[in-house]
Amino acid sequence: MTQRQLFLGGYVLFPGGHFAGAWRHPYSTRDWLGRDFLHDTARTLEAAKFDLAFIPETVSFRAGFARHGLSNAIKHDPAQVAAQLAAVTTNLGLGVTLSTSFNPPYNLARTLASLDHLSGGRVAWNVIQSNGPANYANFPDVEQLDRNALYDRGDEVVEAVQALWRSWGEGALVVDQETGVFANPDLITAPDYKGTHVAVRGPLNLPPTPQGGPVIIQAGDSPRGREFGARWGEVIFAIERTQADLQAKKDDLRAKARAAGRDPEKIRLFAAVQTIVGESTEIARARRDHLRTLVTPEAGIEFFSQFSRLDLGDVDADEPLRKVLDERATDGQAEGRAVVALLELLGPRAANATIGEAAVEFSTSELTPQLVGTGAEIAEQLAELFGSGAADGFLITPTHVPGSFDEFGRAVVPHLQRLGVYKTEYAGTTLRGNLGL
Ligand SMILES: Cc1cc2nc3c(=O)[nH]c(=O)nc-3n(C[C@H](O)[C@H](O)[C@H](O)COP(=O)(O)O)c2cc1C
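Residues numbered from 1 in each chain as written. Predicted model: local features only at pLDDT ≥ 70, side-chain atom pairs only at ≥ 80, totals over all residues. Heavy atoms only, no water.

**Remarks on the side chain of E366**
To keep it simple, the criterion reads: The helix and strand labels rest on DSSP assignments: H or I over at least four residues marks a helix, E over at least two residues marks a strand, and numbering proceeds from the N terminus. Burial classes: relative accessible area under 20% of the type maximum marks a residue as buried, over 50% as exposed, and values in between as partly exposed (1.4 Å probe, protein chains only). Counting rule for charge: Lys and Arg are taken as positive, Asp and Glu as negative, and neither His nor the chain ends is counted. By definition here, a salt bridge exists when the distance from a side-chain nitrogen of Lys or Arg to a carboxyl oxygen of Asp or Glu is within 4 Å. Should any heavy atoms of two residues lie within 4.5 Å, those residues are counted as being in contact.
With respect to the helices, strands and loops of the structure, E366 is situated in the loop between α13 (355-362) and β12 (370-373). Put simply, E366 is tucked away with no salt bridge, and the nearest opposite charge, on R337, sits 7.3 Å away. Beyond its immediate sequence surroundings of up to four residues, E366 is in contact with H18, F303 and F307.

**Thoughts on the nonpolar core**
Generally speaking, nonpolar side chains in soluble globular proteins are found buried as a group. To be explicit about the condition: Side-chain atoms within 4.5 Å link the members of a nonpolar core, which is a set of buried Ala, Val, Leu, Ile, Met, Phe, Trp, Tyr and Cys residues.
Ranked by internal contacts, the top residues of the largest apolar core, which has 74 residues, are L8, W125, F394 and L416. Of all hydrophobic cores here, the second largest spans 36 residues; its members include F65, F304, L342 and V372.

**Examining the packing of helix α14 (residues 375-387) against helix α15 (residues 403-418)**
Note the threshold: Angles run from 0 to 180 degrees between N-to-C directions of axes, and those axes are lines fitted to C-alpha atoms, restricted for helices to the stretch in contact. Each angle receives one of four descriptions, namely roughly parallel if under 35 degrees, roughly antiparallel if over 145, roughly perpendicular if within 65 to 115, and oblique otherwise. The hand of a helix crossing depends on one turn: near helix anticlockwise from the far one by less than a right angle means left-handed, and clockwise means right-handed. For this scheme, ten residues count as nonpolar: Ala, Val, Leu, Ile, Met, Phe, Trp, Tyr, Cys and Pro. Four count as charged, namely Asp, Glu, Lys and Arg, and the remainder, Gly too, count as polar.
For the pair α14 and α15, the least separation of the axes is 8 Å and the interaxial angle reads 50°. On the basis of their axis angle, the class for α14 and α15 is oblique. Judged by the sense of rotation from one axis to the other, the crossing of α14 with α15 is right-handed. Between α14 and α15, the residues in contact are G375, A376, I378, A379, E380 and L382 and F408, A411, V412, H415, L416 and R418, respectively. When its residues are assigned to classes, the contact of α14 with α15 shows 8 nonpolar, 2 polar and 2 charged.

**Things to note about the site of the ligand**
Rules: A molecule or strand has a residue near it when one of that residue's heavy atoms lies within 4 Å. Here a polar contact means two N or O atoms within 3.5 Å. Within protein one must be a hydrogen donor candidate and the other an acceptor candidate, and residues neighboring in sequence count only if both atoms are side-chain atoms. Accessible areas in this description were obtained via Shrake-Rupley with a 1.4 Å probe; residue shielding takes into account the shown protein chains only.
Around the ligand sit 17 residues, and of these E57, R147, Y151, A219 and S222 come closest. At 2.9 Å, a backbone N or O of D221 approaches an oxygen atom of the ligand. One nitrogen or oxygen atom from the side chain of S222 is found 2.6 Å from an oxygen atom belonging to the ligand. Coverage of the ligand by the protein chains reaches 75% of its 610 Å² of free accessible surface. Of the residues in the shell around the ligand, the class split is 9 nonpolar, 5 polar and 3 charged.

**Considering the domain arrangement of the protein chain**
Here is the rule we go by: Either an automatic procedure or a domain database provided the assignment from which the domain bounds are taken. Buried area adds together the accessible area that both of two parts lose upon being put together, with accessible area traced by a 1.4 Å probe.
Under the domain assignment used here, the protein chain contains domain 1 (7-165 + 200-284 + 367-434) and domain 2 (296-362). Between domain 1 and domain 2, the contact holds 15 residues from the first and 13 residues from the second. Around 1200 Å² of area is buried between domain 1 and domain 2 when both sides are counted, 58% of it from carbon and sulfur atoms. When residues of domain 1 are sorted by the area they lose upon contact with domain 2, R62, R241 and L367 head the list and together hold 43% of the total. Applying the counting criterion to the domain 1 and domain 2 interface returns 4 salt bridges. Between R241 and E344 there is a salt bridge, with its nearest N and O atoms 3.8 Å apart. Where domain 1 packs against domain 2, one counts 4 residue pairs in polar contact (both at pLDDT 80 or more). Among the residues forming the side of domain 1 that touches domain 2, the class breakdown is 5 nonpolar, 5 polar and 5 charged.

**A word on the UniProt feature "domain: Luciferase-like" (unreviewed entry) in the protein chain**
Filter applied, for reference: UniProt positions are given in the numbering used here, feature names are shortened, and annotations may be inferred rather than shown by experiment.
The positions that UniProt labels "domain: Luciferase-like" (unreviewed entry) are, in the present scheme, residues 38-390. Secondary structure content for residues 38-390 is 43% helix and 14% strand, and the end C-alpha separation is 31 Å.

**Brief notes about unusual backbone geometry**
In this structure, P203 follows G202 across a cis peptide bond, with omega equal to -5°. Within the secondary structure, P203 sits in the loop between β8 (199-200) and β9 (215-218). Each neighbour pair has its own omega, and for V401 with P402 the value is 0°, a cis peptide bond. Mapped onto the elements of the fold, P402 is located in the loop between β13 (393-397) and α15. The backbone phi angle of V175 is positive, close to 45°, even though this residue is not glycine. Along the chain, the position of V175 falls in strand β5 (residues 173-176). Unusually for a residue other than glycine, R309 sits at a positive phi of about 60°.

**Describing the pairing of strand β4 (residues 123-128)**
Note the threshold: Any two strands with at least two DSSP bridges between them are considered paired. If the strands point away from the viewer and the path from the first strand over the helix to the second runs clockwise, then the crossover is right-handed.
For β4, the tally of buried residues reaches 6 of 6 residues, placing the bulk of the element in the interior. Where strand β3 (residues 93-99) and β4 come together, 6 bridges link them in parallel fashion. Looking at the pairing, G95 lines up with A124 of β4. Taken together, β3, helix α4 (residues 105-118) and β4 constitute a β-α-β crossover, and its handedness is right-handed. As judged from the 3 bridges shared by β4 and β9, these two strands associate in the parallel manner. Bridged to W125 within β9 is I216.

**Let's talk about the side chain of S130**
Mapped onto the elements, S130 comes out in the loop between β4 and α5 (133-136). Judged by relative accessible area, S130 falls into the buried class, the value being 14%. In terms of polar contacts, S130 uses its side chain to reach the side chain of S99, at 2.8 Å. When sequence neighbours within four positions are dropped, the list of residues in contact with S130 reads S99, F102 and N135.

**Things to note about the packing of aromatic side chains**
To keep things clear, this is the line we draw: Aromatic contacts are taken between Phe, Tyr and Trp rings whose centres are within 6.5 Å, Trp giving its six-membered ring; a plane angle under 30 degrees counts as stacked, one over 60 as edge-to-face, and the others as tilted. Whether a charge sits over a ring comes down to the Lys NZ or Arg CZ being within 6 Å of the ring centre and within 35 degrees of the ring normal.
If you walk through the whole model with that rule in mind, you get 18 aromatic pairs. Where F65 meets F303, the ring centres are 6.2 Å apart and the plane angle is 35°; that geometry is what we call tilted. Here F65 is found in helix α2 (residues 63-68), whereas its partner F303 is found in helix α10 (residues 297-308), with 238 residues between them in sequence. For the pair F65 and F303, a shared accessibility class is recorded, and that class is buried. Linked through ring pairs, F7, Y11, F54, F237 and F270 together constitute an aromatic cluster. One Lys or Arg, R4, reaches over the ring of F386 and ends 3.9 Å from the middle of that ring.

Here it is in structure tokens:
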């Protein structure tokens, strides 16, 4: 029997990412707006046989993030990014993040179907709900909903989008030059979807795509978010600090998928990891330490403030972390993921750290586990985590772009292949085929 193979995705998040200082890394590109760096990134990922490039989305602006070049400081339209990545590759999957709150189902269905046709069946839709007041400010006509209701609306949007993707029946596209029949309208049906939150008549003006319809990605984490992911997600993204947490999430998702009448074997869980490769273990550790010098305490505090929901606007970077938490974490933030993870990360150092030092530490990888070592060492750690069954694949989050992906491809991939857990060729040409879905 052939050995189970792990999947890889590359997180195309810039100019900052889980590592807040990615754009300041000397090996990073300087031009974050033109297409060259996107083409480089796509080719690099495909050379390493990555299954997926993951393109995130945000629809708001935060001045502090722009000031410090943190994640989402600038954000291209994800569909346009996907089109650029698709244009220079033939096998790489393209995970496009688009919100169910701020895009009507018709536009979602068409944008994603177009990309899926134009890429030969390589597109996935990362379905997000875009919770947060800053987003609504740009869409004043959209009704503001609480998280659970956002996911209820999301259910309807996905149903409507998938119904639109199925508007054209088999054989509807004829293209017969002899008879002059291009398409058979009798085989094209308007879904006429009517929900509580959204409605769309259809049909879509595109036939089904090479893989039937884009693969669905989801990354919800709240109980309602996981229920949504278990209902729709074919790929699930998870950020968990430990193997036990990852396994618990996987077990929970599989149970929820079973309850929703789905086959849990058809869900691929990708765990986010940040890899820092060195020619030797010592060099890799030195590189990790160097990352801290690329994040100023002010940038770190801005980053940590966003994830922890702590108001740190006027905080002095030299104030003790403990004092800041005691005084400001008064609205449940102390129990939030960011603060809990930070305290775990710091361990005994938390007692004496300043808020500036702690925030810089947080900003080296956010909540994402760091794997630091030689290519062989990192490959062994990934193979072990994969072998435990806690993850089906990994979402590699870079410290510099596109160099991190290049180093991973050259230094880690050959060892994954040697260990027998990673392909030497793509299985097929569509993303669904490559993921065995
Ligand atoms: C790897 C990963 C990538 C994500 N990408 C995005 C994104 O691009 N845009 C976004 O608004 N949310 C993104 N999210 C947030 C999730 O969609 C989700 O809202 C979050 O995990 C919290 O779960 P909840 O909505 O159930 O509370 C991402 C989450 C993860 C783990």
